Amino acid sequence: MNFQAKKFCAAVAAACGLLGAGASHSAETAFIIPAPAVDQTPATAPQAKAVIAGGCFWGVQAVFQHVKGVSNAVSGYAGGKADTADYDTVSGGRTGHAEAVEITYDPKQVSYGELLQIYFSVAHDPTQLNRQGPDRGTQYRSTVFPADEGQRKVAEAYIEQLNKTGVYSKKLATTVEPLQAFYPAEGYHQDYLVRHPTSMYIVINDVPKVEILAKTFPAKYRDKPVLVSDNGK
């Protein structure tokens, strides 16, 4: 679903008196999954970065903005080239890009594996191929973009582990792709849930993710989100 279509949905919802509806209108649920058996040891560096994709970046960004140890979560594009890293072009589904989120985090507070646990459990449905909810296309694929060999090993081991648990109805559709570059999305996409909390798309698809995060990972949840605007971007 492109930006104009999402705006149209919000307008229709407003006309119908649906804006501000509760999470009961959403089909969002959490997958209760085990922690990764393979994880990175705490790094000595004060921060690290992780890039993941799982549907529209608005909701994925919102989830990780509420995770303790995360200092920034930026919506953007990964998987394609610089000259196609804009929303209108990516929305055509032919650029190789996925709508992705770059997470800056303190590995002493939250590990890479713990971020992936939240990603697979709460942020999206990893069994859906090239889609999430109402959004369809390769730009909405479930993908982990490891920054290094260590992240790649953790991601691949965790996917294999989760496929053996029986938690999901089918095998994960998540791919692991080399991170060539991450391109931040346009400013109007950043902090979208915070700036548009009554949009029907946000209310139905994304607000429940944050609520589920609080219930499923209370020790990792923080009420006040860290915003891109707070980081001067």
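For the structure, check the block above.
Residues numbered from 1 in each chain as written. Predicted model: local features only at pLDDT ≥ 70, side-chain atom pairs only at ≥ 80, totals over all residues. Heavy atoms only, no water.

Draft legend 1. Expanded view of the overall build of the protein. What the protein contains, in helices and strands, is 8 helices and 8 strands. Buried positions account for 51% of the 233 residues belonging to the protein. Pairs at least 24 residues apart make up 82% of the contacts formed inside the protein by residues separated by at least 6 positions. Accessible surface computed for the protein: about 10,400 Å², of which carbon and sulfur atoms make up 55%. (Helix = DSSP H or I, 4+ residues; strand = E, 2+ residues; numbered from the N terminus. Buried < 20%, exposed > 50% of the residue type's maximum accessible area, 1.4 Å probe, protein only. Contact = heavy atoms within 4.5 Å. Areas by Shrake-Rupley, 256 points an atom, 1.4 Å probe, with all protein chains shown as cover.)

Draft legend 2. How the structure looks around the packing of helix H2 (residues 57-65) against helix H4 (residues 112-123). Interhelical geometry of H2 versus H4 gives an angle of 130° and a closest axis separation of 11 Å. On the basis of their axis angle, the class for H2 and H4 is oblique. Regarding H2 and H4, the two cross each other, and that crossing is right-handed. The segment H2 lies against H4, with Val60, Val63 and Phe64 engaging Leu115, Ile118, Tyr119, Val122 and Ala123. Among the residues making up the contact of H2 with H4, the classes are represented as 8 nonpolar, no polar and no charged. (Axes fitted to C-alpha atoms, helices over the stretch in contact; angles between N-to-C directions. Parallel < 35°, antiparallel > 145°, perpendicular 65-115°, else oblique. Left-handed = near helix turned anticlockwise from the far one by under 90°. Nonpolar A, V, L, I, M, F, W, Y, C, P; charged D, E, K, R; others polar.)

Draft legend 3. Broad picture of the side chain of Asn205. Looking at the secondary structure, you find Asn205 in helix H7 (residues 200-205). Among all residues touching Asn205, those that are not within four sequence positions of it are Glu28 and Pro134.

Draft legend 4. Up close: the pattern of salt bridges. What the rule picks out here adds up to 6 salt bridges. Here Glu102 ties to Lys49 by a salt bridge, and the two come within 3.9 Å at their closest N and O atoms. Here Glu102 is found in strand S3 (residues 98-105), whereas its partner Lys49 is found in strand S1 (residues 48-54), with 53 residues between them in sequence. For Lys49, a relative accessible area of 38% corresponds to the partly exposed category. Among the salt bridges present, the one from Lys220 reaches Glu114, with a minimum N-O distance of 3.3 Å. With a gap of 106 residues between them, Lys220 in the segment after helix H8 (207-216) and Glu114 in helix H4 connect regions that are remote in the sequence. (Salt bridge = Lys/Arg side-chain N within 4 Å of Asp/Glu carboxyl O.)

Draft legend 5. Inspection of the pairing of strand S6 (residues 142-145) at higher detail. Side-chain alternation along S6 places Ser142 and Val144 on one buried face and Thr143 and Phe145 on a second face that is also buried. With 4 bridges joining them, S1 and S6 adopt antiparallel strand pairing. Its bridge partner being in S6, Gly54 is matched across the sheet by Ser142. Handedness of the β-α-β unit built from S6, helix H5 (residues 149-163) and strand S7 (residues 175-176) comes out right-handed. (Pairing = 2+ DSSP bridges. Right-handed = clockwise from strand over helix to strand, strands pointing away.)

Draft legend 6. Highlighting the sheet that holds S3. What the 6 strands build is an open sheet, ordered S7-S6-S1-S3-S2-S8; its pairing is mixed. At either end of the open sheet lies a strand with only one pairing partner, and these are S7 and strand S8 (182-184). Here H4 sits on the sheet and contacts S1, strand S2 (70-78), S3 and S6; the angle it forms with S1, its principal contact strand, is near 20°.

Draft legend 7. Structural view of the environment of Ala123. Within the secondary structure layout, Ala123 lies in helix H4. Among the residues examined, Ala123 registers a relative accessible area of 1% and is labelled buried. Separated by 85 residues in sequence, Ala123 and Pro208 place their C-alpha atoms 9.9 Å apart. Not counting the four nearest positions on each side in its chain, Ala123 is found in contact with Gly54, Val60, Val63, Phe64, Ile118 and Lys209.

Draft legend 8. Summary view of H5. In this model H5 runs 21 Å from its N-terminal to its C-terminal C-alpha over 15 residues, within 8% of the 21 Å that 1.5 Å per residue would give. Turning to H5, its buried residues are Gln151, Val154, Ala155, Tyr158, Ile159, Gln161 and Leu162. Projection of H5 onto a plane perpendicular to its axis shows the buried side chains occupying an angular sector of 160°, all on one side. If you follow the buried residues of H5, they end up packed against S1, S3, H4, S6 and S7. (Expected span 1.5 Å × (residues − 1). Arc of directions from axis to C-beta.)

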